Amino acid sequence: MPLFSWVTAGESHGKGLTAVVSGVPAGLPLEERHVNRDMARRQLGYGRGGRMKIEKDAVEFTAGVRAGLTLGSPLSMWVRNRDWENWETVMSPDPGAQTDRRTLTRPRPGHADLVGGIKYDQTDLRNVLERASARETAARVAVGGVARRLLDEFGVTIFSAVTQIGPESTDMDVASLDGSDAFDQSPLRCPDEEAEGRMVDFIKQCQKSGDTCGGVFTVVAKGLPVGLGSHTSWDRKLDGRVAAAMMSIQAMKGVGIGLGFDGAALPGSQAHDEIFYDNEARDFHRETNRAGGLEGGITNGMPLVVHVAMKPISTLARALRSVDVNTKEAFTAQKERTDSCAVPAGGVVGEAMLAIVLADAWLEKFGGDSLAEMRRNYESYQDYVRSF
Ligand code: EPS
């Protein structure tokens with residue numbers, strides 16, 4: 001079991017979302033506003049649908065924090081769904097709920113609707129949709145906000161940028177940016193304005209034709225020490241843990257670290273990072289970062305660079321062909337309100353997942369019951385690394 005362990009609960013149109021996190025050391029300064037910043041960022045981006053106009057996501061701490069400091073006990077967070085008031089009669093946990101309204105019987109290709117319905121023996125596929133929805137990512141971002149606060153104490157910064165929408169992309173080296181918020185409020189959270197213009201035009205085209213689009217975002221973590229993760233066992237390798245975390249986000253279909261898939265086409269002489277030693281600074285270093293910050297499943301002190309591919313959202317205005325699960329008749333899939341593009345939001349969720357994996361690796365390496373104990377462990381390890 002991970003040391004930074006967490007679970008989310010909640011349906012998209014239920015009362016709200018809950019997240020419970022354990023493993024956070026005592027004494028970490030933590031306020032709701034720290035988490036709410038990322039919650040608000042997740043709601044932005046050109047191409048979002050009507051739901052984001054209804055919601056104003058924010059957490060309420062219900063356990064684990066006192067006077068702005070964590071207690072070391074499980075931390076519990078609550079996010080209210082504002083849309084609940086429009087769904088209460090349909091989604092109520094009460095046996096009297098009107099389950100004959102707003103049913104879903106024509107599964108959307110690409111969504112969990114059909115396979116989830118078969119697996120869980122549900123012919124109202126709403127019972128699958130509600131949990132499979134990317135609404136759940138609001139709770140993940142809350143968990144990520146806690147992880148990020150812990151990492152922030154040690155000078156780690158995490159940011160992301162959209163690098164591709166449909167076929168439109170930028171060649172900009174996102175990892176060379178400093179992670180400031182300069183481009184964070186731009187329409188697609190893309191630092192290359194020219195490319196961003198092409199990307200927005202592509203989203204508009206998709207919207208006009210009733211279609212959706214996917215893309216790629218890059219997540220970067222800076223300020224990491226050498227030595228998170230381990231080469232000794234498959235399940236401790238940090239690259240595997242990062243990839244699994246990213247792939248668990250709704251609609252993600254591919255992950256690359258550093259050169260990623262591009263590295264496969266290169267000769268070894270151009271795919272690795274040569275090692276140098278500075279006698280004065282007594283420091284090992286590299287002049288390139290093709291490995292994306294990981295060698296042997298262990299951080300090497302360079303920025304951790306993760307590229308994630310998101311498929312186009314599977315709810316289309318011009319619905320795809322499908323079959324009614326009750327009558328078995330051919331129909332087009334059911335239309336639901338949706339986003340045409342959510343790649344910028346995906347980037348914020350990717351930051352949260354990376355923060356969660358890194359916080360877990362941090363606890364593994366520098367574990368302590370209090371932040372002060374963790375800091376002592378971290379500092380003595382850093383002294384040791386400098387003497388190596
Ligand atoms: C989302 C809320 C959902 C969707 C979206 C993500 O709200 P609603 O279904 O009420 O419109 O907009 O999820 C999907 C597109 C999907 O297919 O799951 C959110 O809060 O991010």
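Structure first, text after, so check above.
Just so you know, these numbers come straight off a predicted model, no measurement behind them.

Parameters and conventions
- Residues numbered from 1 in each chain as written.
- Predicted model: local features only at pLDDT ≥ 70, side-chain atom pairs only at ≥ 80, totals over all residues.
- Heavy atoms only, no water.
- Pairing = 2+ DSSP bridges.
- Helix = DSSP H or I, 4+ residues; strand = E, 2+ residues; numbered from the N terminus.
- Axes fitted to C-alpha atoms, helices over the stretch in contact; angles between N-to-C directions.
- Near = heavy atom within 4 Å.
- Polar contact = N/O pair within 3.5 Å; in protein donor to acceptor, adjacent residues only side chain to side chain.
- Areas by Shrake-Rupley, 256 points an atom, 1.4 Å probe, with all protein chains shown as cover.
- Nonpolar A, V, L, I, M, F, W, Y, C, P; charged D, E, K, R; others polar.
- Salt bridge = Lys/Arg side-chain N within 4 Å of Asp/Glu carboxyl O.
- Buried < 20%, exposed > 50% of the residue type's maximum accessible area, 1.4 Å probe, protein only.
- Core = buried A, V, L, I, M, F, W, Y, C linked by side-chain atoms within 4.5 Å.
- Contact = heavy atoms within 4.5 Å.

The subject of this paragraph is the sheet that holds strand 6 (residues 75-80). Read from one edge to the other, the open sheet built from four strands follows the order 1-2-6-3, with strand pairing classed as antiparallel. Taken across any chain shown, the strands that pair with only one partner, and hence form the sheet edges, are strand 1 (5-9) and strand 3 (59-63). Averaged over all pairs of adjacent strands, the angle between strand axes in this sheet comes to 20°, irrespective of strand direction. Here strand 1 pairs with strand 2 (residues 16-22) via five bridges, running antiparallel. Opposite Thr 8, over in strand 2, you have Ala 19 as the bridge partner.

The ligand sits among 14 residues. The nearest are His 13, Arg 42, Arg 48, Arg 51 and Arg 337. The contact in question runs from an oxygen atom of the ligand to an N or O atom on the side chain of Arg 42, over 2.7 Å. Contacts to the ligand include Arg 337, whose side-chain N or O atom sits 2.6 Å from an oxygen atom. Summarising the interface, the protein chains cover 92% of the accessible area of the ligand, which totals 480 Å² for the free molecule. Taken together, the residues that form the shell around the ligand break down as three nonpolar, five polar and six charged.

Glancing now at the pattern of salt bridges. Summed over all chains, the structure comprises 31 salt bridges. We note a salt bridge from Asp 38 to Arg 148, for which the minimum N-O separation is 2.9 Å. On the criterion of sequence distance, the pair formed by Asp 38 in helix 1 (residues 32-42) and Arg 148 in helix 6 (residues 137-152) is long-range, its members being 110 residues apart. We classify Asp 38 as buried; its relative accessible area is 2%. Three or more residues joined by partner-sharing salt bridges are found here, namely Arg 37, Asp 38, Arg 41, Arg 148, Asp 184, Arg 189 and Glu 351.

Let us now look at the nonpolar core. Core analysis: the largest hydrophobic core is formed by 77 residues, its most contacted members being Met 77, Ile 165, Met 246, Leu 354, Leu 358 and Trp 362. No other element matches the 15 residues that helix 9 (residues 343-366) contributes to this core. Contact partners of Leu 354, with chain neighbours within four places excluded, come to Ile 158, Val 219, Val 220, Ala 221, Val 242, Met 246, Leu 304 and Val 306. Phe 159, Phe 183, Val 220 and Val 305 belong to the second-largest nonpolar core, a separate cluster that totals seven residues.

Take the environment of Asn 81 next. Here Asn 81 lies in the loop between strand 6 and helix 3 (84-91). Distance in space between the C-alpha atoms of Asn 81 and Leu 104 is 21 Å, their sequence separation being 23 residues. The residues contacting Asn 81, other than those within four sequence positions of it, are Glu 11, Ser 12, His 13, Gly 14, Lys 15, Gly 16, Leu 17, Arg 51, Glu 55 and Arg 135. Among the polar contacts made by the side chain of Asn 81, one reaches the main-chain carbonyl oxygen of Ser 12 at a distance of 3.1 Å. Of note is the side chain of Asn 81, whose polar atom sits 2.9 Å from the side chain of Arg 135.

Here the focus is unusual backbone geometry. Even without glycine at this site, Ala 67 takes up a positive phi of about 55°. If you trace the backbone, Ala 67 turns up in the loop between strand 4 (65-66) and strand 5 (69-70). With a relative accessible area of 78%, Ala 67 lands in the exposed category.

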